[in-house]
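A look at the structure
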Amino acid sequence: MFNLGWTEVVLVIGVAVLIFGPKKIPELGSALGKTLRGFKEEMSQTPDDAAIDTYEDAEDADVYR
């Protein structure tokens, strides 16, 4: 996927543990998971729903005047 070998993965994990500490890593993983789930839900939204929301916001902002 990112063309990383095992040594690079271990190095990135090691640096993350040094920066954030071992107690903070699970919290960061949870936050990342929630963010990715929200992003996935937004991306799976139908284009019609997204377009309607955008046009309603534009009308509220008086863009067409």
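Residues numbered from 1 in each chain as written. Predicted model: local features only at pLDDT ≥ 70, side-chain atom pairs only at ≥ 80, totals over all residues. Heavy atoms only, no water.

1. Examining helix α1 (residues 6–20)
With 15 residues, α1 should cover 21 Å at 1.5 Å per step; its first-to-last C-alpha distance of 21 Å lies within 8% of that length. Counting buried residues along α1, only 0 of its 15 residues qualify, which leaves the element largely exposed. (Helix = DSSP H or I, 4+ residues; strand = E, 2+ residues; numbered from the N terminus. Expected span 1.5 Å × (residues − 1). Buried < 20%, exposed > 50% of the residue type's maximum accessible area, 1.4 Å probe, protein only.)

2. What about the UniProt feature "transmembrane region" (unreviewed entry) in the chain?
Summarizing the sequence annotation, UniProt attributes the feature "transmembrane region" (unreviewed entry) to residues 6–22 in the numbering used throughout. Each end of residues 6–22 is marked by a C-alpha atom, and these two atoms are 20 Å apart; helix forms 88% of the span and strand 0%. (UniProt positions renumbered as here; feature names shortened; annotations may be inferred.)

3. Observations regarding the pattern of salt bridges
Between side chains of opposite charge, a pair can form as their charged atoms come close. Applying the stated criterion across every chain, the model contains 1 salt bridge. Across the pair K24 and E27 runs a salt bridge, and its minimum N-O distance is 3.4 Å. With relative accessibility at 39%, the residue K24 sits in the partly exposed group. (Salt bridge = Lys/Arg side-chain N within 4 Å of Asp/Glu carboxyl O.)

4. Let's talk about the confidence of the model for the chain
The share of residues in the chain with pLDDT of 70 or more is 68%, and the mean pLDDT across the chain is 79. At the level of individual helices and strands, the chain shows its lowest average pLDDT in helix α3 (residues 47–60), which scores 56, and its highest in α1, which scores 91. (pLDDT = per-residue confidence, 0-100.)

5. Quick notes on a nonpolar patch on the surface
Together, L11, I13, V15, V17, L18, I19, F20, I25 and L28 make up an exposed nonpolar region whose accessible area comes to about 840 Å². Those elements giving two or more residues to the nonpolar patch turn out to be α1 and α2 (25–43). When residues in the nonpolar patch are grouped by element, the largest group, 7 residues, is from α1. As for its position among the elements, I19 is in helix α1. (Patch = residues over 30% accessible without salt bridge, like charges linked within 9 Å, V, L, I, M, F, W, Y side chains within 5 Å. Areas by Shrake-Rupley, 256 points an atom, 1.4 Å probe, with all protein chains shown as cover.)

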